[in-house]
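Chain by chain, the residues:
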Amino acid sequence: MLKIVNGKQDEAGAGILIKDAKFPSPFVSGLEYSPPARGAWNIVHTGMLIPKSHQIFICTQGCLRGVVLTAAEMNAANRFSTIAVRENNVLDGDMESLIIDGVTDILSKLKAKPRAILIFTSCIHHFMGCDLKLVYRTLRERFPDIDFTDCYMNPIMRKSGMTPDQKMRQQLYSLLKPVSVHKKCINIIGNNLPTEESSELVRMIIENGFELKDITGCKTYEQYLSMAESAANISYNPVARISGDTLQTRLSQKHLYLPLSYDYAEIESNLNQLAAYLHIKTPDFTEEKAKAEKALKSAKEIIGDTPIAIDYTATMRPMGLARLLIEHGFNVAAVYADTINEEERQDFIWLKENSPIMKLYSTVHVKMRFLSQNSHKKLLAIGQKAAYFTGTSYFVNIVEGGGMYGFDGIYRLMQLMEEAFLREKDTKSLIQVKGLGCCSL
Amino acid sequence: MKQTASIISTYASDVSGVCSSLYELGGLTVMHDASGCNSTYNTHDEPRWYDMDSMVYLSGLTEMEAIMGDDEKLIGDIVSAANELSPKFIAIAGTPIPMMIGTDFAAVASVVQRRTGIPSFGFSTNGMHSYLSGAGMAYEAFARRMVNPNMKRDSSPAISVNILGITPLDFSVNGSAEAIKEMLTESGFNIISSWAMGSTLEEIKDSGRANVNLVVSYSGLPAAKALYEIFGTPYVVGTPIGAALSKKIMEDLKCSAESGKAVISYEKRDILDSTDMVIVGESIFSESLAFALTDEYSKNVKVLCPLETDTSLMLTGDFAAQDEDDLIPYFKTAKAVIADPLYYPICPESAQFISLPHEAFSGRIYRDDIPNIIGSRFLYWKF
């Protein structure tokens, strides 16, 4: 664990009582720290979900380093190539030919032609005004049997409209082409992890005779392309919402945004929307609710008043989860999140009023490097960043909600919390693995 | 030149080099970048991140700040962090977009220094060069500004030495840095400082006391030249790999301290037309390894250096490569290739591939397999 350099343990600015926190940005922006919890997926991991695709990143050496090693750590270096941008390219303004010639050169060297190529341009192309339309038109003419799509590694744009994560999840489906629609097919889109088959969401689709497609289950490029046949797309991750809206416009696929939630009424409302779309009778979720309630009670009995910390990488709704747990008697001591999503506004207000001394911590504030990580008392963390910052070895190791959804999701999460509370984990080893669930080293 | 890599990795960049070189010295290091540099650095380039404290941060540059040329946001954030953390110095390193918008890092550092009273450095890195360039830049700046210029050279019987150019990017955290120190101590040298693993900033400031400097990687050469310019301290170039080269380096250090002349310890190595082996890597380390292989195993070795170096550090017949295309012809004619495992995909079947992981290329992937071949440990390296 870290030694404290200057003896400072002052949390001011990095941690705040939720009653004093402002929505949606409780912390002043400044220099940023990056904790060594790496389970969240990056654009390379997500892009690899398209079977038989190949990624080509065009950027400077410094920017290439992280993505090329992401691919290497996934043992997918054979699906990944790079073109380095150097000073002469910036001065000569030959960026278009650098990309066209570079991609051509790479394709001539690959042993097998990929079905699709994801070309990632970067901040520098945006600032130079690179003519990407010309680049893609030329490449498509030169290689008509390969599907090209434009992807972006331009973090400088993260506060200018769509974030790179949103854009990536949108472009992930950009190679789907209009085909005749199969009314009994539905996609779940925008997730890096598959949704649990036991969830009400999946069961309602399957048990009513619909075919469910999800990029996380596609093994071939044809399976991926067949997602265009589906009549509807369901998204439940906020960063994928725009993907569904785009496909609704482009392929006329109905978009159902049914956000992940820990609120019984919202879960039921989401599932009822699905039922209406499927033209089935509104289901009775009494049994599922009871199962979730029983699991909450069981977890509370085991975990007791042990402090719990939640971070934003574990779930898209950390405030909602904190509220659910507090409503069921758990002792949620802290939430680690730098901003609060609009969807969580009501939960945030509820927490301010009902759990005013719960702490809210930044994950990037400069002081987070030095705040003590040694839990003297047992603490249960939900998420890798919460585990790191609290120094606990008792944690639920999930990202992005872990594929758990609905009442069943609550039931499963309670099981994971019980298991995490009872069995210690090797936090240092586990949280440093990139892209949890995507077979990284 | 197509500047492509169809399948191999890329070396750590100049920004990481700045951070890595200054990591242990108690300063605040800021990468002026949007996002990504920090996680790349701490995931792949910095094995000390989890267990050793430091103050390496990202500025979080946005599109609007870049378009408006808003340096004040950067300066304000640095000053604010410095007031909270009380660093011993402040270093600011650039990335591609600051280069494109012409950020004046020297001016930014000057304003920061004026407002905080803390020595501040601006490095015009741009992510387009290797870690060696960035680390070299940082070490040279420290030689010129942080080393006490009034320091008198040691006159004690034991020869004093600084070790220049040690970062985990070249030497990992496998005991190599400690082994070099141990060898010097056992040979009767007095170590003043190690730039910059295992030394404090105060020890670095005392570097002017040394009678001679030992440059173990290219990143240490700019500082060696600066220290020569300021103090007249001569330097010896070479990584002590294998018993024979190690012994020669120890002797060269003594001779150099006496003569005041710079010496490259590995320069007397025969390079024949036929090549048994090619080594891919950083110039000084690879040339030293080539010397050891020639001396102890009678191998004909050619060094391929895909990184920045000085032509004077490469022996005639060795080759400074630019990219994948430059290396492949040499691989095809070699009986064996010694390189990081991520070069394996471009190694022909006709050549034996000998794995020598290099943190600056494959990051943490093969960290546990990086051998410590300093001194006589070289003989135990199974290749």
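Residues numbered from 1 in each chain as written. Chains lettered and ligands numbered in written order. Predicted model: local features only at pLDDT ≥ 70, side-chain atom pairs only at ≥ 80, totals over all residues.

Peer 1: I tried to follow the overall build of chain A on my own but got confused; where do I start?
Peer 2: Per the secondary structure count, chain A includes 17 helices and 14 strands. Its C-alpha atoms give chain A a radius of gyration of 23 Å, within 12% of the compact-globule value 22 Å for 441 residues. Its C-alpha atoms give chain A principal-axis dimensions of roughly 65 × 65 × 35 Å. Within chain A, the proportion of its 441 residues that are buried is 51%. (Helix = DSSP H or I, 4+ residues; strand = E, 2+ residues; numbered from the N terminus. Rg over C-alpha atoms; globule rule 2.2 N^0.38 Å. Buried ≥ 20, exposed ≤ 12 C-beta atoms within 10 Å, placed from the backbone.)

Peer 1: What is the right way to read the sheet that holds strand β13 (residues 319-320) of chain B from this model?
Peer 2: Sheet strands pair via backbone hydrogen bonds, and the direction of the pair is either parallel or antiparallel. All names here are of chain B. Pairing is parallel in the open sheet, where five strands are placed in the order β13-β12-β11-β14-β15. Edge positions in the sheet fall to β13 and β15 (352-355), since each has one partner strand and no second. One ladder, built from four bridges, connects strand β11 (residues 277-280) with strand β12 (residues 301-305); its direction is parallel. In the sheet register, Val-278 faces β12, and the bridge partner there is Lys-302. Against the sheet, helix α13 (residues 283-297) touches β11 and β12, its axis set at about 170° to β12. (Pairing = 2+ DSSP bridges. Contact = placed C-beta atoms within 7 Å. Axes fitted to C-alpha atoms, helices over the stretch in contact; angles between N-to-C directions.)

Peer 1: Explanation requested: the domain arrangement of chain B in the structure shown.
Peer 2: Frequently, the measure chosen for interface size is the accessible area that the parts lose on association. Residue and element names in this part refer to chain B. Its domain assignment divides chain B into domain 1 (14-129), domain 2 (160-264) and domain 3 (277-380). The C-alpha-based centres of domain 2 and domain 3 are spaced at 22 Å. Counting from both sides, the interface comprises 26 residues of domain 2 and, opposite them, 25 residues of domain 3. Where the side of domain 2 that touches domain 3 is concerned, the elements lending two or more residues are α8 (168-171), α9 (176-186) and α12 (243-259). Its residues assigned to classes, the side of domain 2 that touches domain 3 shows 16 nonpolar, nine polar and one charged. (Domains from an automatic or database assignment. Nonpolar A, V, L, I, M, F, W, Y, C, P; charged D, E, K, R; others polar.)

Peer 1: I tried to follow the nonpolar core on my own but got confused; where do I start?
Peer 2: Soluble globular proteins tend to bury their nonpolar side chains together. Residues and elements named next belong to chain B. Counting residues in each nonpolar core, the largest one holds 257 residues, and the members touching the most others are Ile-92 and Val-161. Top element by residues in this core is helix α7 (residues 131-145). It accounts for nine residues. Setting aside anything within four residues of it in sequence, one finds Ile-92 in contact with Val-30, His-32, Ile-78, Phe-105, Val-108, Ala-109, Phe-121, Gly-122 and Phe-123. (Core = buried A, V, L, I, M, F, W, Y, C linked by C-beta atoms within 7 Å.)

Peer 1: What am I meant to see in unusual backbone geometry here?
Peer 2: Here the residue pair Phe-23 of chain A and Pro-24 of chain A is connected by a cis peptide bond, since its omega of 0° sits within 30 degrees of zero. With respect to the helices, strands and loops of the structure, Pro-24 of chain A is situated in the loop between β1 (15-17) and α1 (43-47). That bond from Trp-195 of chain B to Ala-196 of chain B is cis: its omega, -5°, falls within 30 degrees of zero. Tracing the backbone through its elements, the reader meets Ala-196 of chain B in the loop between β7 (190-195) and α10 (201-205). Non-glycine residue Ser-172 of chain B carries a positive phi angle of around 50°. Along the chain, Ser-172 of chain B falls in the loop between α8 and α9.

Peer 1: How should I be thinking about the environment of Gly-30 of chain A in this particular structure?
Peer 2: Residue position: Gly-30 of chain A is located in the loop between β1 and α1. For the pair Gly-30 of chain A and Arg-158 of chain A, spaced 128 residues apart in the sequence, the C-alpha separation amounts to 15 Å. Sequence-distant contacts of Gly-30 of chain A, that is, excluding residues within four places in its chain, are made with Val-366 of chain A together with Asp-77, Ser-80 and Ala-81 of chain B.

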